[in-house]
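Observations on chain architecture
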Amino acid sequence: MSAAVTPVSAAGTQDALLQASGVSIRFGGLKALTDFNLTVRQGDLLGLIGPNGAGKSTAFNVLTGVYQPTEGEVRVAGQRVNGWVPHQINHLGLARTFQNIRLFRALTALDNVKVACRAQGGLHPVRLGPMAKAGTALRNYRDWWRALLLTPGFQAEERELTRQAEHLLEVMGLSHRRDEEAKNLPYGEQRRLEIARALGTRPKVLLLDEPAAGMNTREKADLMVLIRRLRDEFSLGVLVIEHDMKLVMGICERITVLDHGETIARGAPAEVRSDRKVIEAYLGDSYLESHGGAA
Ligand SMILES: Nc1ncnc2c1ncn2[C@@H]1O[C@H](COP(=O)(O)OP(=O)(O)OP(=O)(O)O)[C@@H](O)[C@H]1O
(Lines give C-alpha, C1' and ligand atoms only; values in the text may rest on other atoms or scores of the structure.)
Protein backbone atom coordinates (compact mmCIF):
# COMPACT_ATOMS: atom_id res chain seq x y z
CA MET A 1 0.00 0.00 0.00
CA SER A 2 1.51 3.32 -0.94
CA ALA A 3 1.56 6.44 1.22
CA ALA A 4 -0.62 8.18 -1.35
CA VAL A 5 -3.32 5.55 -0.95
CA THR A 6 -3.49 5.98 2.83
CA PRO A 7 -3.11 9.64 3.67
CA VAL A 8 -3.11 10.61 7.33
CA SER A 9 -6.69 11.11 8.28
CA ALA A 10 -7.70 14.53 9.56
CA ALA A 11 -10.45 12.80 11.53
CA GLY A 12 -9.99 12.18 15.21
CA THR A 13 -7.16 14.69 15.58
CA GLN A 14 -8.50 15.66 19.03
CA ASP A 15 -7.52 12.34 20.55
CA ALA A 16 -4.12 12.34 18.84
CA LEU A 17 -1.40 12.27 21.48
CA LEU A 18 1.27 13.00 18.90
CA GLN A 19 0.75 14.36 15.43
CA ALA A 20 3.19 15.35 12.71
CA SER A 21 1.65 17.16 9.75
CA GLY A 22 3.61 17.88 6.59
CA VAL A 23 6.90 17.92 8.47
CA SER A 24 10.06 18.50 6.43
CA ILE A 25 13.60 19.24 7.51
CA ARG A 26 16.64 20.20 5.48
CA PHE A 27 20.30 20.09 6.42
CA GLY A 28 21.89 22.44 3.90
CA GLY A 29 21.07 20.90 0.53
CA LEU A 30 19.93 17.57 2.01
CA LYS A 31 16.21 16.99 2.55
CA ALA A 32 16.41 14.53 5.44
CA LEU A 33 12.62 14.35 5.88
CA THR A 34 9.93 15.36 3.39
CA ASP A 35 6.23 15.87 4.10
CA PHE A 36 6.23 13.46 7.05
CA ASN A 37 2.80 12.70 8.52
CA LEU A 38 2.11 10.57 11.56
CA THR A 39 -0.52 10.25 14.25
CA VAL A 40 -0.09 8.35 17.51
CA ARG A 41 -3.08 7.69 19.76
CA GLN A 42 -3.38 5.89 23.06
CA GLY A 43 -3.10 2.14 22.50
CA ASP A 44 -1.24 2.46 19.19
CA LEU A 45 1.84 0.35 18.61
CA LEU A 46 3.41 1.75 15.46
CA GLY A 47 6.64 1.08 13.60
CA LEU A 48 8.95 3.34 11.64
CA ILE A 49 11.32 1.50 9.33
CA GLY A 50 13.60 2.11 6.38
CA PRO A 51 17.18 1.68 5.21
CA ASN A 52 20.15 3.41 6.84
CA GLY A 53 19.98 7.16 6.36
CA ALA A 54 16.26 7.06 5.49
CA GLY A 55 15.41 9.73 8.08
CA LYS A 56 14.02 7.66 10.97
CA SER A 57 16.15 9.16 13.76
CA THR A 58 15.70 12.59 12.18
CA ALA A 59 11.93 12.07 12.48
CA PHE A 60 12.33 11.22 16.19
CA ASN A 61 14.53 14.28 16.65
CA VAL A 62 11.94 16.54 15.04
CA LEU A 63 9.09 15.02 17.07
CA THR A 64 10.98 15.46 20.35
CA GLY A 65 12.26 19.00 19.73
CA VAL A 66 15.93 18.15 19.15
CA TYR A 67 15.54 19.52 15.59
CA GLN A 68 13.08 22.15 14.45
CA PRO A 69 11.11 21.37 11.28
CA THR A 70 11.82 23.51 8.24
CA GLU A 71 8.15 23.10 7.29
CA GLY A 72 5.08 21.56 8.88
CA GLU A 73 3.80 21.20 12.39
CA VAL A 74 4.22 18.90 15.37
CA ARG A 75 1.50 18.65 18.02
CA VAL A 76 1.76 16.83 21.35
CA ALA A 77 -1.45 16.36 23.32
CA GLY A 78 -3.06 18.87 20.93
CA GLN A 79 -0.46 21.56 21.66
CA ARG A 80 1.66 22.94 18.82
CA VAL A 81 5.27 22.39 19.90
CA ASN A 82 7.26 23.90 17.03
CA GLY A 83 10.04 25.90 18.69
CA TRP A 84 9.82 24.00 21.98
CA VAL A 85 12.87 22.31 23.45
CA PRO A 86 12.99 18.60 24.38
CA HIS A 87 12.33 18.89 28.13
CA GLN A 88 9.25 21.05 27.50
CA ILE A 89 7.88 18.49 25.05
CA ASN A 90 8.69 15.74 27.55
CA HIS A 91 6.50 17.54 30.10
CA LEU A 92 3.58 17.27 27.67
CA GLY A 93 3.95 13.49 27.77
CA LEU A 94 6.45 12.49 25.09
CA ALA A 95 9.44 10.38 26.12
CA ARG A 96 12.07 8.60 24.07
CA THR A 97 15.05 6.31 24.13
CA PHE A 98 18.11 6.75 21.95
CA GLN A 99 19.81 4.64 19.30
CA ASN A 100 23.06 5.16 21.24
CA ILE A 101 22.26 4.50 24.87
CA ARG A 102 22.40 7.69 26.95
CA LEU A 103 22.30 6.66 30.59
CA PHE A 104 24.04 8.36 33.51
CA ARG A 105 26.75 5.73 33.43
CA ALA A 106 28.17 6.33 36.91
CA LEU A 107 24.75 6.40 38.63
CA THR A 108 23.03 3.27 39.89
CA ALA A 109 20.10 1.82 37.96
CA LEU A 110 17.77 3.13 40.69
CA ASP A 111 19.19 6.65 40.56
CA ASN A 112 18.94 6.76 36.77
CA VAL A 113 15.20 6.20 37.07
CA LYS A 114 14.79 8.46 40.11
CA VAL A 115 16.33 11.37 38.21
CA ALA A 116 13.64 10.97 35.57
CA CYS A 117 10.83 10.62 38.14
CA ARG A 118 12.05 13.77 39.89
CA ALA A 119 12.42 15.74 36.66
CA GLN A 120 8.74 15.19 35.92
CA GLY A 121 7.86 17.27 38.98
CA GLY A 122 9.60 20.35 37.51
CA LEU A 123 8.34 23.25 35.40
CA HIS A 124 9.06 24.54 31.90
CA PRO A 125 11.42 27.44 32.61
CA VAL A 126 11.73 28.64 29.02
CA ARG A 127 7.97 29.25 28.79
CA LEU A 128 7.66 30.95 32.17
CA GLY A 129 7.23 34.66 32.72
CA PRO A 130 9.47 36.68 35.10
CA MET A 131 7.18 36.16 38.12
CA ALA A 132 7.00 32.43 37.58
CA LYS A 133 10.77 32.26 37.04
CA ALA A 134 11.29 34.05 40.36
CA GLY A 135 8.89 31.53 41.95
CA THR A 136 10.90 28.65 40.48
CA ALA A 137 14.16 30.13 41.80
CA LEU A 138 12.61 30.48 45.27
CA ARG A 139 11.33 26.92 45.15
CA ASN A 140 14.75 25.65 44.07
CA TYR A 141 16.33 27.55 46.99
CA ARG A 142 13.77 26.10 49.41
CA ASP A 143 14.27 22.58 47.99
CA TRP A 144 18.03 22.95 48.38
CA TRP A 145 17.61 23.69 52.09
CA ARG A 146 15.07 20.90 52.53
CA ALA A 147 17.54 18.46 50.98
CA LEU A 148 20.41 19.76 53.08
CA LEU A 149 18.45 19.57 56.33
CA LEU A 150 16.74 16.28 55.38
CA THR A 151 13.35 17.63 56.46
CA PRO A 152 10.54 15.08 56.99
CA GLY A 153 8.80 16.40 53.85
CA PHE A 154 11.93 15.90 51.78
CA GLN A 155 12.43 12.39 53.16
CA ALA A 156 8.82 11.45 52.39
CA GLU A 157 9.24 12.69 48.79
CA GLU A 158 12.47 10.72 48.47
CA ARG A 159 10.73 7.56 49.69
CA GLU A 160 7.94 8.06 47.15
CA LEU A 161 10.42 8.63 44.29
CA THR A 162 12.32 5.50 45.35
CA ARG A 163 9.07 3.51 45.39
CA GLN A 164 8.15 4.71 41.88
CA ALA A 165 11.63 3.99 40.53
CA GLU A 166 11.69 0.53 42.14
CA HIS A 167 8.35 -0.27 40.54
CA LEU A 168 9.68 0.70 37.09
CA LEU A 169 12.81 -1.40 37.61
CA GLU A 170 10.58 -4.31 38.53
CA VAL A 171 8.39 -3.86 35.44
CA MET A 172 11.51 -3.85 33.28
CA GLY A 173 12.93 -6.94 35.00
CA LEU A 174 15.80 -5.00 36.54
CA SER A 175 15.15 -5.19 40.29
CA HIS A 176 18.26 -7.31 40.74
CA ARG A 177 20.34 -4.46 39.26
CA ARG A 178 18.91 -1.76 41.56
CA ASP A 179 22.21 -0.71 43.14
CA GLU A 180 24.59 -1.43 40.26
CA GLU A 181 26.12 1.36 38.23
CA ALA A 182 24.48 1.65 34.81
CA LYS A 183 27.79 1.20 33.00
CA ASN A 184 28.23 -2.28 34.53
CA LEU A 185 24.92 -3.64 33.23
CA PRO A 186 24.92 -5.97 30.20
CA TYR A 187 23.96 -4.18 26.99
CA GLY A 188 20.42 -5.57 26.79
CA GLU A 189 19.74 -4.49 30.37
CA GLN A 190 21.08 -0.99 29.68
CA ARG A 191 18.53 -0.73 26.90
CA ARG A 192 15.75 -1.81 29.27
CA LEU A 193 17.00 0.68 31.87
CA GLU A 194 16.70 3.44 29.27
CA ILE A 195 13.07 2.47 28.80
CA ALA A 196 12.53 2.48 32.59
CA ARG A 197 14.03 5.95 32.74
CA ALA A 198 11.80 7.18 29.91
CA LEU A 199 8.78 5.77 31.76
CA GLY A 200 9.89 7.67 34.87
CA THR A 201 8.78 10.89 33.17
CA ARG A 202 5.23 9.44 32.99
CA PRO A 203 4.80 9.72 29.24
CA LYS A 204 1.65 9.24 27.21
CA VAL A 205 3.70 8.47 24.12
CA LEU A 206 6.91 6.46 24.12
CA LEU A 207 9.34 6.61 21.19
CA LEU A 208 11.82 3.72 21.10
CA ASP A 209 14.83 4.13 18.81
CA GLU A 210 16.14 0.65 17.94
CA PRO A 211 15.31 -0.87 21.34
CA ALA A 212 16.48 -4.34 20.28
CA ALA A 213 19.87 -3.27 18.87
CA GLY A 214 22.61 -5.51 20.25
CA MET A 215 20.18 -7.91 21.93
CA ASN A 216 20.29 -11.65 21.43
CA THR A 217 17.34 -13.61 20.04
CA ARG A 218 15.99 -14.48 23.48
CA GLU A 219 16.21 -10.88 24.69
CA LYS A 220 14.45 -9.67 21.55
CA ALA A 221 11.60 -12.13 22.08
CA ASP A 222 11.23 -10.96 25.69
CA LEU A 223 11.33 -7.34 24.56
CA MET A 224 8.44 -7.89 22.14
CA VAL A 225 6.27 -9.14 24.99
CA LEU A 226 7.46 -6.33 27.24
CA ILE A 227 6.71 -3.50 24.77
CA ARG A 228 3.13 -4.73 24.37
CA ARG A 229 2.78 -5.00 28.13
CA LEU A 230 4.07 -1.45 28.63
CA ARG A 231 1.63 -0.15 26.06
CA ASP A 232 -1.27 -1.77 27.93
CA GLU A 233 -0.16 -1.26 31.53
CA PHE A 234 0.83 2.39 31.13
CA SER A 235 -1.91 3.26 28.59
CA LEU A 236 0.67 4.45 26.10
CA GLY A 237 0.94 5.10 22.43
CA VAL A 238 4.23 3.57 21.25
CA LEU A 239 6.31 4.30 18.14
CA VAL A 240 9.26 2.00 17.45
CA ILE A 241 12.20 2.40 15.08
CA GLU A 242 13.70 -1.02 14.53
CA HIS A 243 15.73 -2.84 11.89
CA ASP A 244 14.77 -6.26 13.23
CA MET A 245 11.88 -7.13 10.92
CA LYS A 246 10.70 -10.03 13.05
CA LEU A 247 10.22 -7.67 15.96
CA VAL A 248 8.61 -4.86 13.96
CA MET A 249 6.31 -7.11 11.98
CA GLY A 250 5.54 -9.11 15.11
CA ILE A 251 4.36 -6.29 17.36
CA CYS A 252 3.46 -3.25 15.28
CA GLU A 253 -0.08 -2.83 14.07
CA ARG A 254 0.83 -0.19 11.50
CA ILE A 255 4.15 0.64 9.94
CA THR A 256 5.48 3.71 8.14
CA VAL A 257 8.35 3.15 5.73
CA LEU A 258 10.84 5.90 4.93
CA ASP A 259 13.38 6.03 2.14
CA HIS A 260 15.55 9.09 1.48
CA GLY A 261 13.31 11.07 3.81
CA GLU A 262 10.13 10.24 1.84
CA THR A 263 7.28 8.09 3.13
CA ILE A 264 7.13 5.30 0.56
CA ALA A 265 4.51 3.13 2.29
CA ARG A 266 2.24 2.99 5.29
CA GLY A 267 -0.07 0.24 6.47
CA ALA A 268 -0.43 -3.06 8.30
CA PRO A 269 2.67 -5.32 8.42
CA ALA A 270 1.27 -7.68 5.78
CA GLU A 271 0.62 -4.78 3.38
CA VAL A 272 4.00 -3.18 3.96
CA ARG A 273 6.07 -6.34 3.54
CA SER A 274 4.44 -7.13 0.20
CA ASP A 275 4.79 -3.57 -1.13
CA ARG A 276 7.10 -3.59 -4.15
CA LYS A 277 8.66 -0.21 -3.27
CA VAL A 278 9.45 -1.41 0.25
CA ILE A 279 10.99 -4.61 -1.06
CA GLU A 280 13.14 -2.71 -3.55
CA ALA A 281 14.24 0.00 -1.13
CA TYR A 282 14.63 -1.99 2.05
CA LEU A 283 13.62 -5.59 2.50
CA GLY A 284 15.25 -7.03 -0.61
CA ASP A 285 14.21 -10.14 -2.51
CA SER A 286 16.09 -12.39 -0.09
CA TYR A 287 13.64 -11.31 2.64
CA LEU A 288 10.76 -12.34 0.37
CA GLU A 289 12.29 -15.71 -0.42
CA SER A 290 12.84 -16.48 3.25
CA HIS A 291 9.30 -15.35 4.13
CA GLY A 292 7.40 -17.20 1.44
CA GLY A 293 6.98 -14.64 -1.37
CA ALA A 294 4.89 -11.50 -1.80
CA ALA A 295 1.75 -10.23 -3.44
N1 LIG B 1 22.41 17.06 12.18
C2 LIG B 1 22.53 16.66 10.91
N3 LIG B 1 23.23 17.40 10.02
C4 LIG B 1 23.36 17.00 8.74
N5 LIG B 1 22.81 15.89 8.23
C6 LIG B 1 22.11 15.11 9.08
C7 LIG B 1 21.93 15.44 10.46
N8 LIG B 1 21.17 14.48 11.05
C9 LIG B 1 20.91 13.59 10.09
N10 LIG B 1 21.46 13.96 8.91
C11 LIG B 1 21.36 13.25 7.64
O12 LIG B 1 19.99 12.98 7.43
C13 LIG B 1 19.83 11.72 6.79
C14 LIG B 1 18.91 10.85 7.63
O15 LIG B 1 19.65 10.41 8.78
P16 LIG B 1 18.98 9.57 9.96
O17 LIG B 1 20.01 9.41 11.02
O18 LIG B 1 17.70 10.19 10.34
O19 LIG B 1 18.71 8.19 9.25
P20 LIG B 1 18.16 6.84 9.90
O21 LIG B 1 17.03 6.38 9.05
O22 LIG B 1 17.90 7.03 11.34
O23 LIG B 1 19.41 5.88 9.67
P24 LIG B 1 19.98 4.65 10.57
O25 LIG B 1 19.05 3.50 10.37
O26 LIG B 1 21.33 4.40 9.98
O27 LIG B 1 20.05 5.14 11.98
C28 LIG B 1 21.22 11.13 6.61
O29 LIG B 1 21.66 11.43 5.30
C30 LIG B 1 22.04 11.87 7.64
O31 LIG B 1 23.39 11.96 7.27
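Cut-offs applied
Residues numbered from 1 in each chain as written. Predicted model: local features only at pLDDT ≥ 70, side-chain atom pairs only at ≥ 80, totals over all residues. Heavy atoms only, no water. Buried < 20%, exposed > 50% of the residue type's maximum accessible area, 1.4 Å probe, protein only. Helix = DSSP H or I, 4+ residues; strand = E, 2+ residues; numbered from the N terminus. 1 Å grid on protein atoms, 1.4 Å probe; cavity = no way out; pocket = protein on both sides within 12 Å on 5 of 7 lines; lining within 4 Å. Points joined across faces, edges and corners; volume = space filled by probe spheres on them. Nonpolar A, V, L, I, M, F, W, Y, C, P; charged D, E, K, R; others polar. Pairing = 2+ DSSP bridges. Axes fitted to C-alpha atoms, helices over the stretch in contact; angles between N-to-C directions. Phe/Tyr/Trp six-rings, centres within 6.5 Å; stacked < 30°, edge-to-face > 60°. Lys NZ or Arg CZ within 6 Å of the ring centre and 35° of its normal. Near = heavy atom within 4 Å. Polar contact = N/O pair within 3.5 Å; in protein donor to acceptor, adjacent residues only side chain to side chain.

Labelled according to an unreviewed UniProt entry, the chain appears under the name ABC transporter ATP-binding protein, originating from Corallococcus macrosporus.

Turning our eyes to something else, we now look at helix H1 (residues 56-63). Helical geometry: 3.6 residues make up each α-helical turn, so side chains three or four residues apart lie on a common side. Across the eight residues of H1, seven count as buried, placing the element largely inside the fold. Those residues of H1 that sit buried are Lys56, Thr58, Ala59, Phe60, Asn61, Val62 and Leu63.

Right, let's talk about empty space enclosed by the protein for a bit. For the structure on display, the rule yields one cavity of 30 Å³ or more. Taken as a whole, the largest cavity spans an internal volume of roughly 40 Å³. Lining the largest cavity are Val62, Gly65, Gln68, Pro69, Val74, Val81, Asn82, Gly83, Trp84 and Ile89. For the lining of the largest cavity, the per-class residue count stands at six nonpolar, four polar and no charged.

Our focus in this paragraph is the sheet that holds strand E8 (residues 237-241). Taken in spatial order, the six strands make up an open sheet running E6-E7-E8-E3-E9-E10, and their pairing is mixed. Two strands bound the open sheet, and with one partner strand each, they are strand E6 (94-96) and strand E10 (262-267). Averaged over all adjacent pairs, the angle separating strand axes in this sheet is 20 degrees, with direction ignored. In terms of strand pairing, E6 meets strand E7 (residues 205-209) through three bridges, oriented parallel.

Now for the packing of aromatic side chains. One pass over the full model with this rule turns up one aromatic pair. Between phenylalanine 27 and tyrosine 67, the aromatic rings sit 5.1 Å apart at their centres with planes inclined by 75 degrees, giving edge-to-face as the arrangement. Pair noted here: phenylalanine 27 is in strand E1 (residues 16-27) and tyrosine 67 is in the loop between H1 and strand E4 (71-76), with a separation of 40 residues, a long-range link. The exposure class of phenylalanine 27 is partly exposed, given its relative accessible area of 36%. Against the face of phenylalanine 104 rests arginine 197, its NZ or CZ located 5.2 Å from the ring centre.

On to the site of the ligand. As a structural note, the neighbourhood of the ligand is formed by 14 residues, with Gly53, Lys56, Ser57, Thr58 and His243 the closest of them. In the environment of the ligand, an oxygen atom lies 2.8 Å from a nitrogen or oxygen atom belonging to the backbone of glycine 53. At 3.0 Å, a side-chain N or O of tyrosine 67 approaches a nitrogen atom of the ligand. Those elements that place two or more of their residues in the shell around the ligand are strand E2 (30-41) and H1. With three residues, the single largest contributor to the shell around the ligand is H1.

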